[in-house]
Amino acid sequence: MTSSRTKDVELACRCGGVHGVLRRASPSAVNHCICYCDDCQAFAHHLGRADLLDVHGGSDIVQAAPADVSFDRGAESILGVRLSEKGMFRWFSGCCNTPVANTLTPAVPFVGLSGALFQGAFDQVGPVRAAVQAKLATSPVTTGETGAVAQARMFAHVARLLLGWKLRGKGWPNPFFEAGSLAPRRPVTVLTPAERQALRATCGPPTARR
Ligand SMILES: [Zn+2]
Ligand SMILES: [Zn+2]
């Protein structure tokens, strides 16, 4: 099957200003999931890009090894935001406010690429393996992707990927952090608690709006 072959996949923000590549992509080399957590929802709302959320408030995420992701154009317009002091680094394109990726510190060798960069072309990364944090969706999600079996399989897949990336040194180079100093390559702002709180009102679940 051709879908199991690895292939480079083009990544681009809405306006094309930020452009890059996910190398050697295949369904087994990455993890395609949907996240319904309120932080991912808040991030989209913060960018004014709630249009990118699915009908239940979900975001497509493709988790990949940092060394397999690079940007050949517009890297200088990528910006970072954290929803709180200790929150994930959430990267976006300053040109058109397209979410680019989520990362933890560079010690954890993974990049959660925003599905928006794939412009709808997910063939090479395969179907969604599982949906996470469905309890925080803006409306009930009842697909098989939220089931315990799908989630357990996905977490086992991610654990294998992370271990492999760590062992093979695929945490570097990292498109978002400098090697050595581990400093973010681009400016990162941290939302104030009040800003974060204001965003929460836009997120699910509807019965627990804070
Ligand atoms: Zn753009
Ligand atoms: Zn999330």
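Described below are features of the structure shown in this document. (Residues numbered from 1 in each chain as written. Chains lettered and ligands numbered in written order. Predicted model: local features only at pLDDT ≥ 70, side-chain atom pairs only at ≥ 80, totals over all residues. Heavy atoms only, no water.)

1. Some points on the pairing of strand β7 (residues 89-93)
- In terms of burial, β7 is largely enclosed, as 5 of its 5 residues are buried.
- Going residue by residue along β7, you find Phe89, Trp91 and Ser93 tucked away on one face and Arg90 and Phe92 tucked away on the opposite face as well.
- The turn linking strand β6 (residues 78-82) back onto β7 is made up of 6 residues.
- Relative to strand β8 (residues 99-103), β7 runs antiparallel, the two sharing 4 bridges. Among the inter-strand pairings, Phe92 is bridged to a residue of β8, identified as Pro99. (Buried < 20%, exposed > 50% of the residue type's maximum accessible area, 1.4 Å probe, protein only. Helix = DSSP H or I, 4+ residues; strand = E, 2+ residues; numbered from the N terminus. Pairing = 2+ DSSP bridges.)

2. Side note on the coordination of the zinc ion (ligand 2)
- Protein coordination at the zinc ion (ligand 2): the donors are Cys35 (SG), Cys37 (SG) and Cys40 (SG), at 2.2 Å from the metal.
- Summarised as a motif, the one-chain spacing of the donors to the zinc ion (ligand 2) is C-x1-C-x2-C.
- Judged by its relative accessible area of 12%, Cys37 is buried.
- With a relative accessible area of 6%, Cys40 lands in the buried category. (Donors = N, O, S within 2.8 Å, 3.2 Å for Na, K, Ca; no water.)

3. Considering the sheet that holds strand β5 (residues 69-73)
- If you trace the 3 strands from one edge of the open sheet to the other, you get β1-β2-β5, paired in antiparallel fashion. With one partner strand each, in any of the chains shown, β1 (7-12) and β5 form the two edges of the open sheet. Taken pair by pair, the neighbouring strands of this sheet meet at an average axis angle of 30°, ignoring direction.
- Here β1 pairs with strand β2 (residues 19-25) via 5 bridges, running antiparallel. Pairing of Ala12 across the sheet is with His19, part of β2. (Axes fitted to C-alpha atoms, helices over the stretch in contact; angles between N-to-C directions.)

4. A look at the layout of surface pockets
- As a volume, the largest pocket reaches approximately 450 Å³.
- Around the largest pocket, the lining is made up of 23 residues, and of these Cys35, Gln63, Met88, Phe110 and Val132 lie nearest the centre.
- The set of elements that each furnish at least two residues to the lining of the largest pocket consists of β3 (31-35), α1 (38-46), β4 (59-64) and α2 (148-167).
- A per-element tally of the lining of the largest pocket places α2 first, with 6 residues.
- For the lining of the largest pocket, the per-class residue count stands at 15 nonpolar, 5 polar and 3 charged.
- Approximately 270 Å³ is the volume attributed to the second largest pocket.
- If you trace the second largest pocket, you find 23 residues lining it, with Ser59, Asp60, Ser114, Gly115 and Ala116 closest to the centre. (1 Å grid on protein atoms, 1.4 Å probe; cavity = no way out; pocket = protein on both sides within 12 Å on 5 of 7 lines; lining within 4 Å. Points joined across faces, edges and corners; volume = space filled by probe spheres on them. Nonpolar A, V, L, I, M, F, W, Y, C, P; charged D, E, K, R; others polar.)

5. Considerations on the pairing of strand β9 (residues 111-114)
- Burial along β9 is two-sided: the face carrying Val111 and Leu113 and the face carrying Gly112 and Ser114 are both buried.
- Where β4 lies against β9, 4 bridges are found, and the strand directions are antiparallel. By the bridge assignment for β9, Ala64 is matched with Val111.
- The sheet contact formed by β8 and β9 spans 2 bridges and is antiparallel.

6. Let's talk about the nonpolar core
- Membership of the largest hydrophobic core comes to 25 residues, with the highest contact counts inside it found for Leu22, Val62, Trp91, Leu113, Phe118, Val125 and Phe176.
- Those elements that place two or more of their residues in this core are β1, β2, β4, β5, β7, β8 and β9.
- The contacts of Val125, once residues within four sequence positions are left out, are Leu22, Ala25, Ser26, Pro27, Val30, His32, Val62 and Phe118. (Core = buried A, V, L, I, M, F, W, Y, C linked by side-chain atoms within 4.5 Å. Contact = heavy atoms within 4.5 Å.)

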